[in-house]
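Given next are the chains, with one letter for each unit.
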Amino acid sequence: MPGAVSNAIRAARAADLDAVAALEAACFTCDAQSRRSLRHLLTRAHADFLVCVLNEAIVADVVVLYRRASRVARLYSIAVSDAARGRGIAAALLAAAEARALVQGCTLMRAEARASNHASRALFARAGYRETTPLCDYYQGPGARREDGVRLEKILSPPSE
Ligand SMILES: CC(C)(COP(=O)(O)OP(=O)(O)OC[C@H]1O[C@@H](n2cnc3c(N)ncnc32)[C@H](O)[C@@H]1OP(=O)(O)O)[C@@H](O)C(=O)NCCC(=O)NCCS
């Protein structure tokens, strides 16, 4: 992970709500999370919510959800602002999210992506995720259409010394 990017990653705070809501709205057409849901994730959820801050602006975020007594973490959301893409920021955030999940005692990370989201599937493939299950009509598409998805997973292991 490029050092400059990994140094720019920190835990999100309640005061980041406006910035992460704007990022969501800009990055997702159908799947944007509501402010209410984001506030819950920032303050009360059993989750890790990380942001990447460049030039004092939040340019990317990632959310990992945990369940009590489960060693499976769920990569719930990852997004990078349009202007910051293609610089390894998502890859760095994903690595940071996996490190947090390991600290939480998890041994497996699961994620989902739209079948049509090639950038996302390439990101996960590059990071060592395996596509395990097709998800038929899983996502809301434009209008009344449904879109297929794919479930991905990666076994988490601590970095070797
Ligand atoms: C998917 C997304 C998070 C990638 O962010 P990013 O910071 O540009 O990704 P990175 O620069 O870290 O790229 C990491 C790897 O992902 C892949 N990748 C990223 N964007 C890609 C694209 N547009 N086309 C093909 N591969 C892509 C590449 O394999 C890349 O590795 P490489 O640079 O060594 O080739 C970003 O495009 C985004 O926010 N999209 C909108 C929200 C979204 O779809 N989130 C995922 C929901 S599951």
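The structure displayed is predicted, hence computed values, not measured ones.

A. Representation of the site of the ligand. Near the ligand there are 19 residues, and of these Ile78, Gly86, Gly88, Asn117 and Arg126 occur at the shortest range. Measuring from an oxygen atom of the ligand, one finds a backbone N or O atom of Arg87 at 3.3 Å. Contact distances for the ligand include 3.0 Å between an oxygen atom and a backbone N or O atom of Ala90. When the free accessible area of the ligand is taken as 920 Å², the share hidden by the protein chains comes to 69%. A majority-of-atoms criterion places the ligand in the largest pocket. Only β4 (72–80), α4 (89–103) and α5 (118–126) provide two or more residues apiece to the shell around the ligand. If one sorts the elements of the shell around the ligand by residue count, α5 sits on top with five residues. When its residues are assigned to classes, the shell around the ligand shows eleven nonpolar, four polar and four charged.

B. Inspection of the layout of surface pockets at higher detail. The volume enclosed by the largest pocket comes to roughly 980 Å³. Taken together, 35 residues make up the lining of the largest pocket; nearest its centre are Phe28, Ile78, Ala79, Asn117 and Ser120. For the lining of the largest pocket, the secondary-structure elements that each account for two or more residues are α2 (17–27), β4, α4, β5 (108–114) and α5. When residues in the lining of the largest pocket are grouped by element, the largest group, seven residues, is from β4. In terms of residue class, the lining of the largest pocket is made up of 20 nonpolar, seven polar and eight charged.

Quick notes on the rules
- Residues numbered from 1 in each chain as written.
- Predicted model: local features only at pLDDT ≥ 70, side-chain atom pairs only at ≥ 80, totals over all residues.
- Heavy atoms only, no water.
- Near = heavy atom within 4 Å.
- Polar contact = N/O pair within 3.5 Å; in protein donor to acceptor, adjacent residues only side chain to side chain.
- Areas by Shrake-Rupley, 256 points an atom, 1.4 Å probe, with all protein chains shown as cover.
- 1 Å grid on protein atoms, 1.4 Å probe; cavity = no way out; pocket = protein on both sides within 12 Å on 5 of 7 lines; lining within 4 Å.
- Sits in = over half its atoms within 2 Å of the grid points.
- Helix = DSSP H or I, 4+ residues; strand = E, 2+ residues; numbered from the N terminus.
- Nonpolar A, V, L, I, M, F, W, Y, C, P; charged D, E, K, R; others polar.
- Points joined across faces, edges and corners; volume = space filled by probe spheres on them.

These values are about where atoms sit, not about what they do.
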